[in-house]
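Coordinates in review
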Amino acid sequence: MKALSRGLIRRSPITIATTGMHTDPDAPDITGAREALLDALHSAPAGTVVPLVLDGISLSASCAAAVLMPSLSDVVGGKVPGRFVVVEDPSGRNRWDGDAGLKKESERLGRKLVCAWQSKELDLVGAVDPQVRSTYDFVLGRWRTGGDGATARDLAGHFDVSIQAASNRLSKASSLGLLYEADRETVSGGGAQFVFVPVM
Amino acid sequence: MVYRCHVRDTLDMSALPQLMDPLLQLHGEARASSEIVLDLSGVRFITPGGVAPFAALIHSVYEDLPRLHLHAPTDAECCRYLASSGLLQLLADVATIHGADVAMGIRPGSALNTVLPLTRLSQNADLEDLLTQLELKLDGLLGCSDDTWTETKCRIISAVREICANVFQHAGGTPGWVSAQKYRSSKGNPFLEVSIADSGVGIRRSLADRYPEFAVADDGDVLVRMVNERLSRHNPARGCGYFTLQEATSKLDGSFRLRSGSGEVSRARRSRQLVRADGRAAWPGTHLEMRVTCAPD
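In this report, we go over the structure that sits alongside the text. (Residues numbered from 1 in each chain as written. Chains lettered and ligands numbered in written order. Predicted model: local features only at pLDDT ≥ 70, side-chain atom pairs only at ≥ 80, totals over all residues.)

Before going further, it helps to examine the overall build of chain B. From N to C terminus, chain B includes 10 helices and 11 strands. Compactness check: chain B gives a C-alpha radius of gyration of 19 Å against a globular reference of 19 Å for 297 residues, within 12% of the reference. Counting only C-alpha atoms and orienting by the principal axes, one finds that chain B spans roughly 50 × 50 × 35 Å. Taking all 297 residues of chain B together, the buried fraction comes to 48%. The contacts in chain B between residues at least 6 apart in sequence include a share of 71% that link residues at least 24 apart. (Helix = DSSP H or I, 4+ residues; strand = E, 2+ residues; numbered from the N terminus. Rg over C-alpha atoms; globule rule 2.2 N^0.38 Å. Buried ≥ 20, exposed ≤ 12 C-beta atoms within 10 Å, placed from the backbone. Contact = placed C-beta atoms within 7 Å.)

A few words on the environment of A:Leu8. Structurally, A:Leu8 can be placed in strand β2 (residues 8-10). On a C-alpha basis, the gap between A:Leu8 and A:Thr145 in space is 18 Å, while along the polypeptide they are 137 residues apart.

Strand pairing in a sheet relies on backbone hydrogen bonds. The paired strands run either parallel or antiparallel. Residues and elements named next belong to chain B. Read from one edge to the other, the open sheet built from 7 strands follows the order β5-β6-β7-β11-β8-β9-β10, with strand pairing classed as antiparallel. In this open sheet, the two strands that pair with only one neighbour each are β5 (114-121) and β10 (274-277). For this sheet, the mean inter-axis angle between neighbouring strands, taken without regard to orientation, is 10°. The pairing of strand β8 (residues 255-261) with strand β9 (residues 263-267) spans 5 bridges and is classified as antiparallel. In the strand pairing of β9, Arg259 is matched with Glu264. (Pairing = 2+ DSSP bridges. Axes fitted to C-alpha atoms, helices over the stretch in contact; angles between N-to-C directions.)

Residue and element names in this part refer to chain A. Sheet topology places strand β10 (residues 179-186) next to strand β11 (residues 192-198); 7 bridges connect them, and they run antiparallel. The residue bridging Glu181 from the neighbouring strand is Phe196, located in β11. Between β10 and β11, which pair antiparallel and follow one another directly, the connecting turn spans 5 residues, one of which, Gly189, has a positive phi of 95°.

On the chain B side, the residues contacting the 20 residues of chain A number 21 residues. Each residue belonging to the side of chain A that touches chain B can be placed in one class, and the counts come to 8 nonpolar, 6 polar and 6 charged. (Nonpolar A, V, L, I, M, F, W, Y, C, P; charged D, E, K, R; others polar.)

Quick look at the nonpolar core now. Counting residues in hydrophobic clusters, the biggest one holds 142 residues, and the most contacted among them are A:Val85, A:Cys115, A:Leu178, A:Leu179, B:Ala55 and B:Leu82. Residue contacts for A:Leu178: discarding those within four places in its chain leaves A:Val114, A:Ala116, A:Leu124, A:Val132, A:Tyr136, A:Ala173 and A:Val199. (Core = buried A, V, L, I, M, F, W, Y, C linked by C-beta atoms within 7 Å.)

A word on helix α7 (residues 151-170) of chain B. The end-to-end C-alpha distance of α7(B), which contains 20 residues, comes to 28 Å, matching closely the 28 Å that a straight helix rising 1.5 Å per residue would cover. B:Gly172 lies just past α7(B) and shows a positive phi near 60°. (Expected span 1.5 Å × (residues − 1).)

For the rest of this paragraph, the subject is the packing of helix α4 (residues 130-146) of chain A against helix α6 (residues 163-175) of chain A. Residues and elements named next belong to chain A. Taken N-terminus to C-terminus, the directions of α4 and α6 make an angle of 95°; their axes are 9 Å apart at the nearest point. The orientation of α4 with respect to α6, classified from their angle, is roughly perpendicular. Contacts between α4 and α6 involve Gln131, Val132, Thr135 and Tyr136 from the former and Arg169, Leu170, Lys172 and Ala173 from the latter. In the contact of α4 with α6, the residues fall into 4 nonpolar, 2 polar and 2 charged. (Parallel < 35°, antiparallel > 145°, perpendicular 65-115°, else oblique.)

Residue and element names in this part refer to chain B. With respect to the element layout, His6 can be found in strand β1 (residues 2-11). Take His6: there are 15 C-beta atoms within 10 Å of it, and that puts it in the partly exposed class. The residues contacting His6, other than those within four sequence positions of it, are Asp39 and Gly42.

Let us now look at the pairing of strand β8 (residues 114-118) of chain A. Residues and elements named next belong to chain A. Summarising burial for β8: 4 of the 5 residues are buried, a large majority. Pairing geometry for strand β7 (residues 83-88) and β8, over 3 bridges, is parallel. Residue pairing across strands places Val87 opposite Trp117, the latter belonging to β8. Bridging between β8 and strand β9 (residues 122-126) involves 5 bridges; their strand directions are antiparallel. The partner of Trp117 across the bridge, within β9, is Asp123. Where β8 hands over to β9, the hairpin turn is made up of 3 residues, counted between the paired strands.

Another aspect to go through is the sheet that holds β1(B). Residue and element names in this part refer to chain B. One open sheet holds the 4 strands; their spatial order is β1-β2-β3-β4, and the pairing between them is parallel. Bordering the open sheet on either side are β1 and β4 (96-98), each of which pairs with just one other strand. Here the strands of the sheet are splayed against their neighbours by 15° on average, with no regard to which way each runs. Examined bridge by bridge, strand β2 (residues 35-46) and strand β3 (residues 67-71) share 5 bridges and lie parallel to one another. What sits directly across from Ile36, in β3, is Leu68. Sheet strands in contact with helix α1 (residues 16-25) are β1 and β2, and its direction is about 155° off that of β1.

In structure tokens, the structure reads:
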């Protein structure tokens, strides 16, 4: 494991056993990856990112959904607090299949499934709305430029919204598994605020 | 008994009933003892939607084919396309061809705008080959360098892959057929038409494995439910095929038409409404026609 960002460590990646194209969601390679991802997520300590690496892999939307859905459901359902999934897809060829598969599953389950997706650029894939995307981009930008986390106060200043609204936005992105509450800072005048870092 | 069936002007998915119904409505001895003349001499335009389902329908009656004659289009360019699409060569194995001596020498896929000549899908390896071929063609059409995965390229490949994978799952062991062609609209915008067809049990009967009430349902009702509710014969977590199709056609300013059994549904460009067409003759298998804008992102 290696440190990713403040408070987040990266577990060794999950891969799909056979390279090439996969179209059957019930094939052993796909069910094996799904179980491995789920096991890794549940056995990891809080503050862990579990990467699924798709190097040399071409997944259909059904297969992408089959691998990711159970783990992302557990993330969104609060069953694995502080543990996250990211996908590394070096060529980017699976990005739109992942997007379609997660959107379709989000519709079916009635809960939004979203995932940070690293190809040539880092993006969010699945049922992501513009507000969540802009919140994530803001936190990611701060992290990349200065290595800083973001608080509700930072977000409120940037988007010109109330601290309560900014706090809600951060909580929402966090509950989707896109941000991690890495730290807690005391605020002058009393109280505390969480510091969020991007899941990447 | 001799049956003459003809199509004039355009051979596409909607023209196939007038051409193929006599062939499909005859059965057993009556079919085998008949002579059927498929007259395409008046055809001036052929689309992939006329090619892949044509191949699937011919395949569905392969066991007891009647004596079959095909009159090729008299329009030379159209006749060359019939050959370049690969359909002429397939038909030459089962029918006596008239009026296509020159075109018979044309290699399938050789026409400039043919993206995929008629391709048979029998196993997963066929699909891998087909997608590799499609990737290469799209790289050329979209001006992508190798291994660049733009949204347009990914959406098209994603939809074709999901729908073709469904062929293996729903067609009951019969092969699938794929054909694709690039066109330009009257305004000069490039678009791609892809047709995927099989002669299997059809969507209603395939889904009846999981939804027993579909065994006696109307084909059109089932198609509407399948598209709108993303039904799958396996488990609810699947059924991505028509979701990726809808994503591709909505993001790429496209349309689709789906026919299975006696049911047909379609969605026009820039429309969210699924339109149902009733009263079609019952056909074997499932036929899909997808059109999408095919321009660089």
